[in-house]
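# Architecture and fold: a report
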Amino acid sequence: MSHTATARPAAVAPRTRARAWLITALLLVFMLFNFADKAVLGFAGAHIQRDLGITPQQFGLLQSAFFWLFAAGAILIAAWSARIGLRWLLAILMLVWIATMVPLLGPVSFGVLLACRIVLGFAEGPAFALATHSVHAWFPPEKRALPSGIVTAGASIGQLLAAPVLTWVIVTWSWHAAFGVLIVAGALWTLAWATLGKDAPAETVPAPAAGDAVRLVEAPYRVLLTTGTVIGIALLTFFSYWATTLKVAWLPVYLSDGLGYGTLTTGKLVMLPYALAAMGAIGAGWLSNRLTARGVPRRISRGLLAGSMVVLAGMSMFAFTVLPVGVPQMLFITLAFSCNTAAYAVAFTAIADVVHPRKRGAVLGFLVAFYSMAGVIAPLVLGYFVGNAADSSTGYGYGFAFTGILMAVGGAASTFLVRPERDVVKIAERVQEIAK
């Protein structure tokens with residue numbers, strides 16, 4: 001049994017449970033906005049290029065600029081979570097997001113738009129880490145995976161809602177109006193969060209149950225970041241984010257350019273992976289909770305469960321490259337770009353199993369910074385395959401097949417490192433050695 005699967009704790013007060021689920025709902029909406037305000041540039045791409053008179057290369061630079069300081073923000077801002085209450089830190093982040101969109105309500109230069117995207121990327125870098133850290137604090141260890149999955153689903157739900165709504169706003173009024181809608185929505189969320197949001201009661205680290213050696217201890221970052229479970233989750237989320245990036249950057253182009261689907265059909269088909277990812281994230285969280293509550297070791301209920309979803313995504317990605325265009329191929333495309341997303345919540349819950357609450361936010365920030373590097377590399381690698389092939393269809397096939405193999409092998413290998421029960425003991429031993 002895990003170190004955190006202790007003798008059953010005292011029942012949580014109904015008001016506290018209600019507050020915990022209210023916080024979860026607010027954080028789901030927070031992640032929805034996190035997706036929408038960085039994706040609106042893609043929805044309005046043609047309009048922005050025309051209005052600003054910029055080239056496709058310059059537009060690509062705008063898209064890339066979002067990630068320039070993304071990792072730095074993930075590390076630096078997440079580290080502040082140990083000093084600043086998450087209630088106020090998340091509110092500040094939303095206000096910064098709003099501030100980066102205010103200049104875009106009217107005519108704007110390329111330079112100003114570029115600067116706004118850089119600042120937005122810095123402020124959004126820690127969003128997922130902090131939202132996950134916050135929701136973990138409201139639930140006991142054995143019940144964290146489900147609410148974490150709900151928060152993770154916010155990004156996929158954001159695509160399902162934001163794409164048609166913001167596209168309609170852009171077509172009906174202008175791309176400036178789309179940013180106006182996000183500003184109003186963000187301000188309303190901030191008001192709701194300031195009114196209803198609250199930092200969780202101080203977390204207590206449970207005493208070890210029978211059969212467990214030690215409880216969670218606060219360890220130096222050099223110890224935590226070289227722990228097998230943390231390294232394994234870092235690799236797992238890196239391979240997962242590789243596919244997530246391709247879903248955003250290349251999947252619509254692949255469906256139209258590589259497979260020959262029309263524009264309207266592509267718009268409908270690209271929604272399928274997001275819908276399944278949202279359901280998968282919640283379902284995986286529920287399953288992880290059930291397995292953990294039944295005493296299944298966390299190397300299985302966290303590591304193996306998350307890893308198997310990344311492996312399944314990789315195998316599905318390879319499979320769709322060898323199938324002809326049709327329903328079976330689209331089924332594997334949907335699995336390839338959704339199963340990996342469902343793995344995030346379970347994977348991050350494994351971090352809460354081994355990292356003390358006071359260090360959890362910063363460690364999650366480090367993980368986001370690391371796996372975000374896949375967001376820089378993956379589109380370039382696929383672009384290399386497409387650009388150097390005899391035709392685009394062949395290039396896409398080779399590029400996605402390579403990605404599928406990488407995800408399946410890397411995802412499987414990384415699960416051998418995820419051993420929460422073992423690593424809690426190792427962390428405690430290393431802390432004792434340092435103290436001597």
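Residues numbered from 1 in each chain as written. Predicted model: local features only at pLDDT ≥ 70, side-chain atom pairs only at ≥ 80, totals over all residues. Heavy atoms only, no water.

### Considering the packing of helix 17 (residues 339-354) against helix 18 (residues 357-371)
Stated formally: For helices, the axis comes from a line fit to the C-alpha atoms of the stretch in contact; other axes are also lines fit to C-alpha atoms, and the angle between any two N-to-C directions lies between 0 and 180 degrees. Counting from the N terminus, the helices are the DSSP runs of H or I reaching at least four residues and the strands are the DSSP runs of E reaching at least two. Note that the term roughly parallel is reserved for angles under 35 degrees, roughly antiparallel for angles over 145, roughly perpendicular for angles of 65 to 115, and oblique for everything else. In this scheme, a crossing is called left-handed if the near helix is turned counterclockwise away from the far one by less than a right angle; it is called right-handed if the turn is clockwise. The contact criterion used throughout is that any non-hydrogen atoms of two residues lie within 4.5 Å. Three classes are used, and their members are as follows: Ala, Val, Leu, Ile, Met, Phe, Trp, Tyr, Cys and Pro are nonpolar, Asp, Glu, Lys and Arg are charged, and the others, Gly among them, are polar.
Packing of helix 17 against helix 18 brings their axes to within 10 Å, and their N-to-C directions diverge by 140°. What the angle tells us is that helix 17 and helix 18 run oblique. Seen along the crossing, helix 17 lies across helix 18 with a hand that is right-handed. Counting all contacts with helix 17, which are made through Y344, F348, I351 and A352, the residues of helix 18 involved are R360, V363, L364, L367, V368 and Y371. Residue composition of the contact of helix 17 with helix 18, by class: 9 nonpolar, no polar and 1 charged.

### Side note on the packing of helix 15 (residues 298-321) against helix 17
Packing of helix 15 against helix 17 brings their axes to within 8 Å, and their N-to-C directions diverge by 155°. On the basis of the axis angle, helix 15 is roughly antiparallel to helix 17. Here helix 15 runs over helix 17; the crossing is left-handed. Counting all contacts with helix 15, which are made through R298, S301, R302, L305, A306, M309, V310, L312 and A313, the residues of helix 17 involved are C339, N340, A342, A343, V346, A347, T349, A350 and D353. Each residue belonging to the contact of helix 15 with helix 17 can be placed in one class, and the counts come to 12 nonpolar, 3 polar and 3 charged.

### Overview of the pattern of salt bridges
Counted only if it meets this: Whenever Lys or Arg places a side-chain nitrogen within 4 Å of a carboxyl oxygen from Asp or Glu, that contact is recorded as a salt bridge. Relative accessibility under 20% of the residue-type maximum defines a buried residue, over 50% an exposed one, and the middle range a partly exposed one, all with a 1.4 Å probe and only protein chains included.
According to the stated counting rule, one finds 6 salt bridges in the structure shown. Here D353 and R302 are joined by a salt bridge, their closest N and O atoms 2.9 Å apart. Taken together, the residues D353 in helix 17 and R302 in helix 15 connect sequence positions 51 residues apart. Each member of the pair, D353 as well as R302, is classed as buried. Several salt bridges converge on common partners, so that one network encompasses E218, R358 and K359.

### A word on the side chain of S81
Spelled out, the test is: Two N or O atoms count as a polar contact when they lie within 3.5 Å, although within protein this holds only if one can serve as hydrogen donor and the other as acceptor, and sequence-adjacent residues are included solely when both atoms are side-chain atoms.
With respect to the helices, strands and loops of the structure, S81 is situated in the loop between helix 4 (70-79) and helix 5 (86-101). Assessed through its relative accessible area of 13%, S81 is described here as buried. Of the polar contacts made by the side chain of S81, one reaches the backbone oxygen of A78; its length is 2.6 Å.

### A closer look at the packing of aromatic side chains
Note the threshold: Working definition: rings of Phe, Tyr and Trp (its six-membered ring) pair if their centres are within 6.5 Å, and the pair is stacked with planes under 30 degrees apart, edge-to-face with planes over 60 apart, and tilted otherwise. By definition, being over a ring means that NZ of Lys or CZ of Arg is both within 6 Å of the ring centre and within 35 degrees of the ring normal.
Counting across every chain of the model gives 29 aromatic pairs. With a centroid separation of 6.0 Å and 85° between ring planes, the pair formed by F337 and F400 is classed as edge-to-face. Of this pair, F337 sits in the loop between helix 16 (327-336) and helix 17 while F400 sits in helix 20 (residues 392-415), and the two are 63 residues apart along the sequence. The class for F400 is buried, based on a relative accessible area of 0%. Members of the aromatic cluster, each reached through a chain of ring pairs, are W250, Y254, F320, F337, Y396 and F400. Between the NZ or CZ atom of K247 and the centre of the ring of Y274, over which it lies, the distance is 4.4 Å. Sitting over the face of the ring of Y221, K359 holds its NZ or CZ atom 4.6 Å from the ring centroid.

### A short note on the side chain of T244
Within the secondary structure layout, T244 lies in helix 11 (residues 228-249). Relative accessible area serves as the criterion here: at 16%, T244 is assigned to the buried category. Separated by 3.0 Å, the side chains of T244 and N340 make a polar contact. Contact partners of T244, with chain neighbours within four places excluded, come to N340, T341 and Y344.

### Overview of a nonpolar patch on the surface
So the rule is basically this: In this analysis, a patch consists of residues with relative accessible area above 30% that form no salt bridge, clustered at 9 Å for like charges and at 5 Å for the nonpolar side chains Val, Leu, Ile, Met, Phe, Trp and Tyr. Values of accessible area rely on a 1.4 Å probe in the Shrake-Rupley scheme; residue burial ignores everything except the protein chains shown.
A surface patch of nonpolar side chains, amounting to about 430 Å² of accessible area, comprises F318, V322, L323, I405 and V409. Locating L323 in the fold gives a position in the loop between helix 15 and helix 16.

### Re the environment of S393
Position of S393 among the secondary structure elements: in helix 20. The class of S393 is partly exposed, set by a relative accessible area of 40%. In sequence terms S393 and Y254 are 139 residues apart; their C-alpha atoms lie 8.3 Å from each other.

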